[in-house]
Amino acid sequence: AAAAWDLASLRCNFGDFCECDFRPDFQGLECDLAQHLAGQHLAKALVVKALKAFVHDPAPKKPLVLSLHGWTGTGKSYVSSLLAHYLFRGGLRSPHVHHFSPVIHFPHPSHIERYKKDLKSWIQGNLTACSRSLFLFDEMDKLPPGLMEVLRPFLGSSWVVYGTNYRKAIFIFISNTGGEQINQVVLEAWRSRRDREEIRLQELEPAISRAVLDNPQHGFWRSGIVEEHLLDAVVPFLPLQRHHVRHCVLNELAQLGLEPRDEVVQAMLESTTFFPEDEQLFSSNGCKTVASRIAFFL
Ligand SMILES: Nc1ncnc2c1ncn2[C@@H]1O[C@H](COP(=O)(O)OP(=O)(O)OP(=O)(O)O)[C@@H](O)[C@H]1O
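Conventions used here
- Residues numbered from 1 in each chain as written.
- Predicted model: local features only at pLDDT ≥ 70, side-chain atom pairs only at ≥ 80, totals over all residues.
- Heavy atoms only, no water.
- Disulfide = S-S within 2.5 Å.
- Helix = DSSP H or I, 4+ residues; strand = E, 2+ residues; numbered from the N terminus.
- Buried < 20%, exposed > 50% of the residue type's maximum accessible area, 1.4 Å probe, protein only.
- Phe/Tyr/Trp six-rings, centres within 6.5 Å; stacked < 30°, edge-to-face > 60°.
- Pairing = 2+ DSSP bridges.

Attention now moves to the state of the cysteines. Inspection of every chain in the model, using the stated rule, returns 2 disulfides. Paired through a disulfide, Cys20 and Cys130 show a sulfur-sulfur distance of 2.1 Å. Taking the torsion about the sulfur-sulfur bond, which here is approximately 120°, the covalent link between Cys20 and Cys130 counts as right-handed. Taken together, the residues Cys20 in the loop between helix 1 (2-11) and helix 2 (26-36) and Cys130 in the loop between helix 6 (112-129) and strand 3 (134-137) connect sequence positions 110 residues apart. Across the disulfide, Cys248 is cross-linked to Cys287 (sulfur-sulfur distance 2.0 Å). Around the S-S axis, the bridge from Cys248 to Cys287 shows a dihedral of about 90° and counts as right-handed. One end of the pair, Cys248, is in helix 10 (residues 242-255); the other, Cys287, is in the loop between strand 9 (282-283) and helix 12 (290-293), and 39 residues separate them in sequence. Considered together, Cys248 and Cys287 belong to a single accessibility category, that of buried residues. With its bonded cysteines labelled in order along the sequence, the protein chain shows the pairing 1-2, 3-4. Not engaged in a disulfide, the cysteine Cys31 finds its nearest cysteine sulfur in Cys248; these two sulfurs lie 18 Å apart.

Laid out in structure tokens, this is it:
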């Protein structure tokens, strides 16, 4: 293994072959998702399929662009961190994984022109250093309007410039936009006694795309990114039900090195709020507060 690694780092000196920290482990990813990700049959299948096709293509025509949508606490950040973990040595801490959060990186709408310039040169610089880079944009519905315009040229197929291959990058965008529309479809499926796993992407995608196009707060608004079909996958995250929250509690217990305990699971479920009012079906904040609340019941 040491020899193989040395060879890889040697080849990294000749720009073209450089794969940096990129060490995709699909078996690990699929296994982790199968074991730990609750209630997201579409997200699981879509993300794995898109990634595999992209990574196995030695000369992709465009970067991989995924847009994750759904209610709060349904696993969007969680899946993104798993992707980083199974694609890059060091995961989210790899120098080739870049995470942008509006409140941290773009807090002042009046500085938009500077943000645009900085973001563009940041992406160019990092893709020149390593064409296999991951750019993660959180809370897309809280970005200063107009910022994403600078990204558009990077997301298409046109950029192979001065030895920098812009087509090997991975972009992931996260937002709650479309969440209500997704919830509505899942609720209707439940009311008509359809199996949740039967819900197909085709039933959700148009409503999500519409929600993005209609939302002036969303970074893609009037950016042309959706209209020009630069998104390779719109990935829906479904609202989590009681048994999914249970799954999250069991994950958390295992994470803490504790045995599964029924009274803990029960207490956690009792302190979770559900909606809509009548059906009490979906957890109000998914599994978001599981980790912080569990300490009260141990
Ligand atoms: N579907 C899921 N399966 C297993 N665990 C989950 C799932 N969804 C959320 N969790 C747990 O809850 C935590 C919080 O979820 P996460 O941050 O991924 O939500 P999110 O969809 O990104 O929410 P937000 O839109 O508020 O950012 C995760 O770190 C994970 O531990």
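Turning our attention to the packing of aromatic side chains. One pass over the structure, following the stated rule, counts 11 aromatic pairs. Relative to Phe275, the ring of Trp71 has its centre 5.3 Å away and its plane inclined at 40°; by these criteria the two rings are tilted. Here Phe275 lies in strand 8 (residues 274-275) and Trp71 lies in the loop between strand 1 (64-70) and helix 4 (76-87), a separation of 204 residues in the sequence. The class for Trp71 is partly exposed, based on a relative accessible area of 23%.

Moving on, we come to the pairing of strand 3. When a strand is regular, its side chains alternate between the sheet's two faces. Every second residue of strand 3 is oriented toward a common face, with Leu134 and Leu136 on one face and Phe135 and Phe137 on the other, all of them buried. Pairing of strand 2 (residues 97-100) with strand 3, which is carried by 4 bridges, proceeds in the parallel orientation. Pairing of His99 across the sheet is with Leu136, part of strand 3. Pairing of strand 3 with strand 6 (residues 170-175) involves 4 bridges; the strand directions are parallel. Directly across from Leu136, in strand 6, lies its bridge partner Ile172.

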